[in-house]
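Here's the letter readout for the chains.
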Amino acid sequence: MKKTKTSLKGRICKVRHCKHILSIYNHEAYCHVHLGQIDKFDKHKSYKA
Ligand SMILES: [Zn+2]
């Protein structure tokens, strides 16, 4: 039987106060909204959740 690699169910975005539930297919620690933001802000090392 083949297993699809998925992450744990019901994980929540790591950004404080963000209540987005992550998809089991999203292996990141952040929701799609914050993933984009962190990527952008990380370049300036000024991201504050
Ligand atoms: Zn988020």
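Preceding this section is the structure that the text describes.
Keep in mind that this is a model prediction, so the values were computed, not measured.

Enquirer: Got a sec to walk through the overall build of the chain? Specific residues and values, please.
Expert: Assigned secondary structure in the chain consists of one helix and zero strands. Expressed as a percentage of the 49 residues in the chain, the buried residues total 8%.

Enquirer: Tell me about the environment of leucine 8, residues and numbers included.
Expert: Within the element layout of this structure, leucine 8 appears in the segment before helix 1 (32–42). For the pair leucine 8 and isoleucine 24, spaced 16 residues apart in sequence, the C-alpha separation works out to 5.9 Å.

Enquirer: How would you summarise unusual backbone geometry if you had to cite specific residues and measurements?
Expert: Unlike most non-glycine residues, histidine 17 shows phi in positive territory, near 75°. Relative to the helices and strands, histidine 17 is located in the segment before helix 1. For histidine 17, a count of 6 C-beta atoms within 10 Å corresponds to the exposed category.

Enquirer: Provide a residue-level description of the environment of lysine 9, including the pertinent values.
Expert: As for its position among the elements, lysine 9 is in the segment before helix 1. Residue classification places lysine 9 among the exposed positions, given that 9 C-beta atoms sit within 10 Å. Between the C-alpha atom of lysine 9 and that of serine 23, which follows or precedes it by 14 residues, the distance is 7.2 Å.

Cut-off values and rules
- Residues numbered from 1 in each chain as written.
- Predicted model: local features only at pLDDT ≥ 70, side-chain atom pairs only at ≥ 80, totals over all residues.
- Helix = DSSP H or I, 4+ residues; strand = E, 2+ residues; numbered from the N terminus.
- Buried ≥ 20, exposed ≤ 12 C-beta atoms within 10 Å, placed from the backbone.

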